[in-house]
Amino acid sequence: MNRIQKPKGTLDILPADIGLWQYIENTVRDIAKTHGFSEIRMPTFEATELFCRGVGDTTDVVGKEMYTFIDKDGSSLSLRPEGTAGVARSVIENGLYAGAMPLKLFYLSNFFRREKPQAGRSREFWQFGTELYGSSLPEADAQVILLAHGLFKKLGLTKVTLRINSIGCPECRPSYRKALLDYFSQYESQLCDTCRERLQKNPLRVLDCKSPICSGIAKDAPKTLEHLCDGCESHFEKLKSLLDECGIEYVVDPSIVRGLDYYTGTVFEFTVDSIGAQSTVCGGGRYDGLLQSIGGPEMPAVGFGMGITRLIQAMKDENLVPEIDSGCDIYIAPLGENASKKAFVLAQKLRESGVSAETDICSRSLKAQMKYADKAGAKFVLVIGDNEIDEGVSELRNMKSGERVKVELSIEDIINKVKA
Ligand code: ATP
Ligand code: MG
């Protein structure tokens, strides 16, 4: 029979790796809490129109990479390719914009993009994302940047570079758009098909193209920072001074424009060179027009998305994978029918008291059980046979030190010795 394989570009996260994922997720939740962000969970699929309007259909993410299907009632649905549009929809639909401001939300979710799978790029991937609504001040930009920075620091990463830029607001964008259009038009015949197509619709997208020819041309394109209005310029200056005050190092990188249409003003990325071509671990910025573009009130917002698999790669490269203890506290090895029953009940009582306990459920020999206990990383092993049951005592073996101590076959005594 043919074996069925996972779809191309998807990942199995196996028990051997899950400890690291959970460690990262716990650290994310801790740091989000210290910054006052609450968790939100959105649907895995949404109306396709949400992403077309919110993210923009000239973007690769929506225009080319979305998993879209027609539901039985004829409506078009798409697997979420990113989190910001879904959160924005939820903020509107649930009236969260009318509550306490600023509204600070985060998610740890999976997303779907039909991209070419490669290291650091899969078709289903995970992001830690934040969304801060209700403040147009640079302090809000700084707070989300500080949160991402704080997470990298807490995880022990040292080779992360923060890159910031401003891509201007609706006031300064038209003059920049014109400068870009003038510049790229000179090279129109050399641009890739997609860029030629999007040049008129959204010349900013050409700056984000990954083809070597387009990115070569884009290198000398006019820079957004030279076209900022006074408001955007002072906002950017204030952001830099806040980062300076907090001792956060950054590089002003005019090449950062981000791939999604909703960004306005501040944009930023955190990159780690050692993880290869997909070096952006985190990308974000301000999107003051998004809520209104999908039918909500006018409300400024800023946030980021951080790729968990790239974060994991960066941690592996810096040898930061923590020792994760997944073994049980105690393995009870029974010998014979009577002991089996006793061990089964004992293990369950121990679990009820919060001790992780295992026993034989495969009717194996003592030797095979000891081998299993060792593989399963049991900290203690307790062997019980008829004699031990009669006498009410046995020996508890510490699997690490080899030390053996007498223990009564009572829950209390076992817990005392295991937890000592
Ligand atoms: P890239 O330029 O690498 O394609 P992007 O600009 O498309 O990234 P965003 O949409 O801003 O990325 O997503 C934020 C982060 O999510 C990225 O910086 C990256 O760490 C991660 N990410 C995005 N797409 C993928 C993917 N296909 N596989 C794994 N991680 C991804
Ligand atoms: Mg991308």
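Being a predicted model, the structure only gives us computed values, none of them experimental.

Another point: the side chain of K104. Topologically, K104 is positioned in strand β5 (residues 103–112). At 13 Å, E139 is the nearest oppositely charged side chain to K104, a buried residue that forms no salt bridge. Among the polar contacts made by the side chain of K104, one reaches the main-chain carbonyl oxygen of H35 at a distance of 3.4 Å. Discounting chain neighbours no more than four positions away, the residues touching K104 are H35, G36, F37, S38, E131, L132 and Q143.

For the protein chain, the domain assignment lists domain 1 (15–172 + 228–317) and domain 2 (330–418). Each of domain 1 and domain 2 has a C-alpha centre, and the two are 49 Å apart.

Attention shifts here to the pattern of salt bridges. Side-chain pairs of opposite charge can arise whenever the charged atoms involved come near each other. Inspection of every chain in the model, using the stated rule, returns 21 salt bridges. A salt bridge links E39 to R41, with the shortest nitrogen-to-oxygen separation between them at 3.1 Å. With relative accessibility at 29%, the residue E39 sits in the partly exposed group. A salt bridge links D413 to K417; its shortest N-O distance comes to 3.0 Å. Of this pair, D413 and K417 are both found in helix α15 (residues 411–418), four residues apart, which corresponds to roughly one turn of the helix. In the salt-bridge network here, residues are joined through shared partners; they are D325, D329, K379 and K419.

Most of strand β9 (residues 266–271) sits out of view: six of its six residues are buried. Side-chain alternation along β9 places T266, F268 and F270 on one buried face and V267, E269 and T271 on a second face that is also buried. By the bridge criterion, six bridges tie strand β7 (residues 161–166) to β9 in an arrangement that is antiparallel. Bridge pairing in β9 places R163 opposite E269. Taken together, the five bridges between β9 and strand β10 (residues 280–286) define a ladder with antiparallel strand orientation.

Below, the discussion takes up the layout of surface pockets. Size it by volume and the second largest pocket reaches roughly 350 Å³. Lining of the second largest pocket is provided by 19 residues; of these, L11, W21, T309, I312 and Q313 occupy positions nearest its centre. Contributing elements (two or more residues each) for the lining of the second largest pocket: α1 (15–34) and α11 (308–317). Residue contributions to the lining of the second largest pocket peak at five residues, all from α11. Along the lines of polarity and charge, the residues of the lining of the second largest pocket split into seven nonpolar, seven polar and five charged.

What follows deals with the sheet that holds strand β13 (residues 357–359). With mixed pairing, the five strands of this open sheet are ordered in space as β13-β12-β14-β15-β16. In this open sheet, the two edge strands, each paired with only one partner strand, are β13 and β16 (404–408). Direction aside, neighbouring strands of the sheet carry axes that sit 25° apart on average. The sheet contact formed by strand β14 (residues 380–384) and strand β15 (residues 393–398) spans three bridges and is antiparallel. The partner of V381 across the bridge, within β15, is R397. Packing of helix α12 (residues 337–352) onto the sheet brings it into contact with β12 (330–334), β13 and β14, and relative to β12 it is tilted by some 165°.

With that settled, the discussion passes to the packing of helix α2 (residues 48–56) against helix α4 (residues 84–93). Where α2 contacts α4, the two axes come as close as 9 Å, and the packing angle between them is 105°. In terms of their interaxial angle, α2 and α4 are classed as roughly perpendicular. Between α2 and α4, the contacting residues are L50, F51 and V55 on the first element and A85, G86 and R89 on the second. Looking at the contact of α2 with α4 residue by residue, the class counts come to four nonpolar, one polar and one charged.

Glancing now at a positive patch on the surface. Together, R364, K367, K371 and K375 give the surface a local cluster of positive charge. Its location among the elements puts R364 in the loop between β13 and α13 (366–375).

This part takes up the nonpolar core. V87, Y133, F184, L191 and L207 are the most contacted members of the largest nonpolar core, which totals 48 residues. Beyond its immediate stretch of four places on either side in the chain, V87 contacts I40, M42, L105, Y107, E131 and Y133. Judged by nonpolar contacts, the second largest core, of 42 residues, contains V28, F37, L157 and L243.

Let us now look at the site of ligand 1. Taken together, 17 residues lie near ligand 1, and R113, E115, R121, S122 and R258 sit nearest. Here an oxygen atom of ligand 1 sits 2.9 Å away from a polar atom, N or O, in the side chain of K210. Within the contact set of ligand 1, an oxygen atom lies 3.2 Å away from a backbone nitrogen or oxygen of G307. About the coverage of ligand 1: the protein hides 93% of its 580 Å² of free accessible area. Residue assignment for the shell around ligand 1 shows that the elements contributing at least two residues are β6 (124–133), β10, β11 (301–307) and α11.

One open sheet accounts for eight strands, arranged β1-β5-β6-β11-β10-β9-β7-β8; its pairing is mixed. With partners counted over all chains shown, the strands left at the sheet margins are β1 (38–39) and β8 (251–252), one partner each. Along the sheet face, α4 touches β5 and β6 and points at about 45° away from the line of β6. The strands touched by helix α9 (residues 230–245) are β7, β8, β9 and β10; relative to β7, the strand with the most contacts, the crossing angle is about 160°.

Each value, and the rule that gives it
Residues numbered from 1 in each chain as written. Chains lettered and ligands numbered in written order. Predicted model: local features only at pLDDT ≥ 70, side-chain atom pairs only at ≥ 80, totals over all residues. Heavy atoms only, no water. Helix = DSSP H or I, 4+ residues; strand = E, 2+ residues; numbered from the N terminus. Buried < 20%, exposed > 50% of the residue type's maximum accessible area, 1.4 Å probe, protein only. Lys, Arg positive; Asp, Glu negative; His and termini not counted. Salt bridge = Lys/Arg side-chain N within 4 Å of Asp/Glu carboxyl O. Polar contact = N/O pair within 3.5 Å; in protein donor to acceptor, adjacent residues only side chain to side chain. Contact = heavy atoms within 4.5 Å. Domains from an automatic or database assignment. Pairing = 2+ DSSP bridges. 1 Å grid on protein atoms, 1.4 Å probe; cavity = no way out; pocket = protein on both sides within 12 Å on 5 of 7 lines; lining within 4 Å. Points joined across faces, edges and corners; volume = space filled by probe spheres on them. Nonpolar A, V, L, I, M, F, W, Y, C, P; charged D, E, K, R; others polar. Axes fitted to C-alpha atoms, helices over the stretch in contact; angles between N-to-C directions. Parallel < 35°, antiparallel > 145°, perpendicular 65-115°, else oblique. Patch = residues over 30% accessible without salt bridge, like charges linked within 9 Å, V, L, I, M, F, W, Y side chains within 5 Å. Areas by Shrake-Rupley, 256 points an atom, 1.4 Å probe, with all protein chains shown as cover. Charge placed at Lys NZ, Arg CZ, Asp CG, Glu CD. Core = buried A, V, L, I, M, F, W, Y, C linked by side-chain atoms within 4.5 Å. Near = heavy atom within 4 Å.

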